[in-house]
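# Topology and contacts: notes
What follows is the residue order along each chain.
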Amino acid sequence: MILIKIGRKILEELGSYFEYFLRNLPGILGRYSRYLIYKRLLKSCGKRIYIAPAVFLKGLKNIELGNNISFGPYNSVFAESNTNEARIKIGNNVSCNLNVMINADCKGEIIIEDNVSIGPNVVMRASGHRYEDLHVPIRLQGHHKGKIIIRDGVWIGANAVILPNVTIGKGAIVGAGAVVTKDVDDFDIVGGVPAKKIASRIKN
């Protein structure tokens, strides 16, 4: 029994080293190796997927990728859940700049449609902490599951934050540093904290 436990710990440790090596392997070899391995582990994976070094992918069986997607250095794509309810689905022709977080942990769901551009340091978090009970620390109260939908052709500027239960409409623009707390209509341009409509791309 003890030997079995030791064996499992050794395998876990070796797995951690392999994951670190795969994540940080540079050059064409690293890029191609990451694609081949993650393609087999993800729920679904299209073609022309670029995964830069130092990208974290968790909850692989809950992540679906289309074609022509790029994840820049230090991106984090998280879809872990004890009940396997978390989900991330990314369409075609989506680019994520440096240090983007797409986080659907704790039963969240994030859907990013086609032709979406995501600037550096953007954060999307589909679930939020519960905090109703004043007698229990927030960290022990669990999470409200939520959903984020990013429609076709959206551009999200640097350092924007997208909070749970938000839909960003087709062709909309989210300005740099905006905090999006409610739905954004098609082709609207929003900015600020909280984000508000600044203009529309539709010409009257």
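Just above sits the structure.
### Concerning the sheet that holds strand 8 (residues 94–96)
Strands sit in the order 2-5-8-11-16-19-21-22 across an open sheet of eight strands; the sheet is mixed. Edge positions in the sheet fall to strand 2 (49–51) and strand 22 (196–200), since each has one partner strand and no second. Bridging between strand 8 and strand 11 (residues 117–118) involves two bridges; their strand directions are parallel. Residue C96 lies in a different strand from strand 11, and its bridge partner there is I118.

### Some remarks on the packing of aromatic side chains
Overall, the coordinates contain zero aromatic pairs when judged by the stated rule. Of note, R23 hangs over the ring of F56, and the distance from its end group to the ring centre comes to 4.0 Å. One Lys or Arg, K58, reaches over the ring of F78 and ends 4.4 Å from the middle of that ring.

### Some remarks on the pattern of salt bridges
Side-chain pairing between opposite charges can occur once the charged atoms of the two side chains come close. Taken as a whole, this structure holds seven salt bridges when the rule is applied. When the shortest N-O distance is used, the salt bridge between E80 and K58 registers 3.6 Å. One end of the pair, E80, is in the loop between strand 6 (76–78) and strand 7 (87–90); the other, K58, is in strand 3 (residues 56–58), and 22 residues separate them in sequence. Here R151 and E113 are joined by a salt bridge, their closest N and O atoms 2.7 Å apart. With a gap of 38 residues between them, R151 in the loop between strand 15 (147–150) and strand 16 (155–156) and E113 in the loop between strand 10 (109–112) and strand 11 connect regions that are remote in the sequence. Residue classification places R151 among the partly exposed positions, given a relative accessible area of 32%. Members of the salt-bridge network, linked through shared partners, are E64, R87, E109 and K147.

### A word on the environment of C96
With respect to the helices, strands and loops of the structure, C96 is situated in strand 8. Since its relative accessible area comes to 4%, C96 is described here as buried.

Calculation rules
- Residues numbered from 1 in each chain as written.
- Predicted model: local features only at pLDDT ≥ 70, side-chain atom pairs only at ≥ 80, totals over all residues.
- Heavy atoms only, no water.
- Pairing = 2+ DSSP bridges.
- Helix = DSSP H or I, 4+ residues; strand = E, 2+ residues; numbered from the N terminus.
- Phe/Tyr/Trp six-rings, centres within 6.5 Å; stacked < 30°, edge-to-face > 60°.
- Lys NZ or Arg CZ within 6 Å of the ring centre and 35° of its normal.
- Salt bridge = Lys/Arg side-chain N within 4 Å of Asp/Glu carboxyl O.
- Buried < 20%, exposed > 50% of the residue type's maximum accessible area, 1.4 Å probe, protein only.

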